[in-house]
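Residue-level structural notes
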Amino acid sequence: MRQAERNARTQKNIKQSFIQLIETKGFTNITVSDIIRDAKVSRGTFYVHYTDKYELLSKIEDELIMNITAALKDNLKEPLSNDSITDRSGATYRVFNQALGYVDGERAAMHALFSTNGDPQFFSQIKDVVDNLFTMQLQKNEGHFSTAIPIDYTKEIAINSILNIVRHWIDKENPESPEELAEILMRSRFMAPHDLIAFD
């Protein structure tokens, strides 16, 4: 096996152990000794790749954010099929569905980092990415955030509703497929809050 392949496998084992330890012990309580014991690597091997647990966390988060951003930006290139208001509004939300397959493949890491045992700043970092790209997509489709209420509240409602649905999906033991969640997201975009409650 080539050295590059050995390094990649070692880093994968370290990352997997780290994610599992976040779930069970919490990031704050994890030590390098915990990581190397669980990953079955030497302390020297760990320090070849990472300075400490903070750098390991940062590299995992940076990779996740980079790949989610790339998936979102890739979908921004897709042309609209027509110019109806519904299609333009739908396209604004469909741009996020491109990333769901990737998120599903990284479910363990996302779940751990979003959890109370993880990194409270990670959700904010993802939110900033979505906010920026959501705004770009709106502008591309000649849209804008409503000013019916103060714009900061409008953006909080629009962005958080998407992210909290995805976060709920990540937390589920038997989650829907990425395609099914995409459909749920799309349908939810065209429902007012009073549409979510029914009386017999």
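Scroll up to find the structure this text is about.
By convention here, each chain's residues receive numbers from 1 onward along its written sequence. Local features in this predicted model are restricted to residues whose pLDDT is 70 or higher, and side-chain atom pairs enter the listing and the counts only when it is 80 or higher, whereas totals over whole chains, interfaces and linings include all residues. Where side-chain values are given, they derive from all heavy atoms of the structure, hydrogens and water being excluded.

With respect to the overall build of the protein chain
Helix numbers and strand numbers start at the N terminus; a helix is a DSSP run of H or I with at least 4 residues, a strand a run of E with at least 2. From N to C terminus, the protein chain includes ten helices and zero strands. Counting from the amino terminus, helix and strand elements in the protein chain follow one another as α-α-α-α-α-α-α-α-α-α. For each residue, the accessible area found with a 1.4 Å probe, counting protein chains only, is set against the maximum for its type, and the residue is called buried under 20%, exposed over 50%, and partly exposed in between. By residue count, 40% of the 200 residues in the protein chain fall in the buried class. Counting contacts in the protein chain only where the partners sit at least 6 residues apart, residues at least 24 apart contribute 66% of the total. When the accessible surface of the protein chain is split by element, carbon and sulfur atoms take 52% of a total near 12000 Å². Contact criterion: two residues are considered in contact whenever any of their non-hydrogen atoms come within 4.5 Å of each other. Every accessible area reported is derived by Shrake-Rupley at a probe size of 1.4 Å, with residue values counting cover from the shown protein chains alone.

A closer look at the packing of aromatic side chains
Each Phe, Tyr or Trp ring, with Trp reduced to its six-membered ring, pairs with another whose centre is within 6.5 Å; inter-plane angles below 30 degrees give stacked pairs, above 60 give edge-to-face pairs, and intermediate values give tilted ones. Taken as a whole and assessed by the stated rule, the structure comprises six aromatic pairs. Aromatic pair Phe-18 and Phe-27: ring centres 6.0 Å apart, planes at 80°, arrangement edge-to-face. Plain terms: the ring middles of Phe-114 and Phe-122 are 5.4 Å apart, the flat faces sit at 45° to each other, and that makes the pair tilted. Three or more aromatic residues link up through ring pairs in this structure, and these residues are Phe-18, Phe-27 and Tyr-54. Consider the ring centre and the ring normal. A charge sits over the ring if Lys NZ or Arg CZ is within 6 Å of that centre and within 35 degrees of that normal. Between the NZ or CZ atom of Lys-53 and the centre of the ring of Phe-27, over which it lies, the distance is 4.6 Å.

So, the packing of helix 7 (residues 107-114) against helix 9 (residues 151-171)
Geometry is summarised by axes, namely lines fitted to C-alpha atoms with helices restricted to the contacting stretch, and by angles between N-to-C directions that run from 0 to 180 degrees. Close contact between helix 7 and helix 9 brings their axes to 9 Å; oriented N to C, the two are set at 115°. One way to sum up the angle between helix 7 and helix 9 is to call them roughly perpendicular. Crossing angle aside, the handedness with which helix 7 passes helix 9 is left-handed. For the pair helix 7 and helix 9, contact is made by Arg-107, Met-110, His-111 and Phe-114 and by Arg-167, Trp-169, Ile-170 and Asp-171, respectively. Angles below 35 degrees are treated as roughly parallel, those above 145 as roughly antiparallel, those between 65 and 115 as roughly perpendicular, and all remaining angles as oblique. The crossing is said to be left-handed when, going from far helix to near helix, the turn is anticlockwise and less than a right angle, and right-handed when the turn is clockwise.

Quick notes on the environment of Lys-25
With respect to the secondary-structure elements, Lys-25 resides in helix 1 (residues 3-25). For Lys-25 and Gly-118, which are 93 residues apart along the polypeptide, the C-alpha to C-alpha distance reads 9.7 Å. In this structure, Lys-25 is in contact with Ile-30 and Asp-34, ignoring residues within four places of it in sequence.

Let's talk about the pattern of salt bridges
Two side chains carrying opposite charge are able to pair once their charged atoms lie near each other. We define a salt bridge as a side-chain nitrogen of Lys or Arg found within 4 Å of a carboxyl oxygen belonging to Asp or Glu. Scanning all chains against the criterion turns up eight salt bridges. When the shortest N-O distance is used, the salt bridge between Arg-37 and Asp-34 registers 3.3 Å. Remark: Asp-34 and Arg-37 occur in helix 2 (residues 32-39); sequence separation between them is three residues, near one turn of the helix. A relative accessible area of 11% places Asp-34 in the buried class. Three or more residues are tied together by salt bridges with common partners; here these are Lys-25, Asp-34 and Arg-37.

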